[in-house]
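Fold and geometry: a report
What follows is the residue order along each chain.
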Amino acid sequence: MANASELPPGAAPDWTIPQGWETYTPAEHAMWDRLFERQSEMLRPRVVPAFMEGLDVLRMTKPGIPDFDELNERLTRATGWQVVAVPGLVPDEVFFEHLANRRFVAGRFIRKPDQFDYLQEPDIFHDVFGHVPLLVHPVFADYMQAYGEGGLRAARLGMIEALARLYWYTVEFGLIRDGSDLKLYGAGIVSSYGESVFALDDPSPHRIAFDLERVMRSQYRIDDYQQNYFVIESFEDLLQQTRDADLGPIYERLRGHEPIAVGTLLPADRVLHAGTQDYARTRAGI
């Protein structure tokens, strides 16, 4: 999720622009291929199986940056979703409106060689490789639409910040149970080589069972790896907990409580792994 205010030149009223696939250079296609090869190789045993299935269904193993027209033929056939290009950050309500109508907004630019391991603003690799494969999964696709519908209601109630935390800790940085194992599914993790290892293997972060209200109160890191990860039981459970919840009373309770600081464990948390927090302390120079 991100915010912006003024409609950029050349953008439609809904902030979409043509992808302009034919304008990508050989170097840009080569950057996608380098990122794709490295990430898909290491993810295979670590990511939820539905993600790899989505890559196959969408034929994203084809070399080069995906052409949204070709990608959307398969994606729309699978779950009724499509990917639309935007020039960068979009206003919250525009973002929610697209999701509510089964449109996923994606930046069209790709990172430069010196940004290979990290860049601050999401590029097409994060948006398309990270997010789109799971839109083939019918239940996750329904969750994303329900999130957009919930975001439009939250905007009217002045509760976008709470919904942003839910998005962050599920869509971007969520973990999921797979039998006795934990697997990755959040796009911010699966598009990051370093965090794909850190989120599952490092002893530093806390891993906590998902609880809707707890997540909506939890602050997060935007500048480094997360100190808390929340673990869902299944996409079905995530959809049920969010779509079927009466968020009105939750919002009222949230208004009366301070946000929960990054890295905090609460007595009521169902803790799957109590992290050492060593990574965060080292980064802070403690």
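Residues numbered from 1 in each chain as written. Predicted model: local features only at pLDDT ≥ 70, side-chain atom pairs only at ≥ 80, totals over all residues. Heavy atoms only, no water.

1. Focus on the pattern of salt bridges
Applying the stated rule across the entire model yields 16 salt bridges. Where Arg253 meets Glu213, a salt bridge forms, and the shortest distance between an N and an O atom there is 2.8 Å. Of the two residues, Arg253 sits in helix α12 (residues 247-255) while Glu213 sits in helix α10 (residues 212-216), which places them 40 residues apart along the sequence. A salt bridge links Glu233 to Arg270, with the shortest nitrogen-to-oxygen separation between them at 3.9 Å. One end of the pair, Glu233, is in the loop between β6 (228-232) and α11 (235-243); the other, Arg270, is in the loop between α12 and β7 (271-273), with 37 residues separating them in the sequence. Judged by its relative accessible area of 38%, Glu233 falls in the partly exposed class. (Salt bridge = Lys/Arg side-chain N within 4 Å of Asp/Glu carboxyl O. Helix = DSSP H or I, 4+ residues; strand = E, 2+ residues; numbered from the N terminus. Buried < 20%, exposed > 50% of the residue type's maximum accessible area, 1.4 Å probe, protein only.)

2. Side note on empty space enclosed by the protein
Taken as a whole and judged by the stated rule, the model has one cavity of 30 Å³ or more. Size it by volume and the largest cavity reaches roughly 40 Å³. If you trace the largest cavity, you find it lined by Gly130, His131, Leu134, Phe140, Val171, Tyr185, Gly186 and Ala187. Each residue belonging to the lining of the largest cavity can be placed in one class, and the counts come to five nonpolar, three polar and no charged. (1 Å grid on protein atoms, 1.4 Å probe; cavity = no way out; pocket = protein on both sides within 12 Å on 5 of 7 lines; lining within 4 Å. Points joined across faces, edges and corners; volume = space filled by probe spheres on them. Nonpolar A, V, L, I, M, F, W, Y, C, P; charged D, E, K, R; others polar.)

3. Some remarks on the layout of surface pockets
Quantified by volume, the largest pocket comes out at close to 1200 Å³. Contributing to the lining of the largest pocket are 50 residues, with Leu119, Gln120, Glu121, Pro122 and His126 lying nearest its centre. For the lining of the largest pocket, the elements supplying multiple residues, two or more each, are α1 (26-43), α4 (92-100), β2 (103-107), α5 (124-131), α7 (160-172) and α9 (193-201). Partitioned by chemical class, the residues of the lining of the largest pocket number 25 nonpolar, twelve polar and 13 charged. Looking at the second largest pocket, its volume works out to about 250 Å³. Contributing to the lining of the second largest pocket are 19 residues, with Ala146, Gly150, Arg153, Thr242 and Leu247 lying nearest its centre. Of all the secondary structure elements, the ones that give two or more residues to the lining of the second largest pocket are α6 (138-157), α7, α10, α11 and α12.

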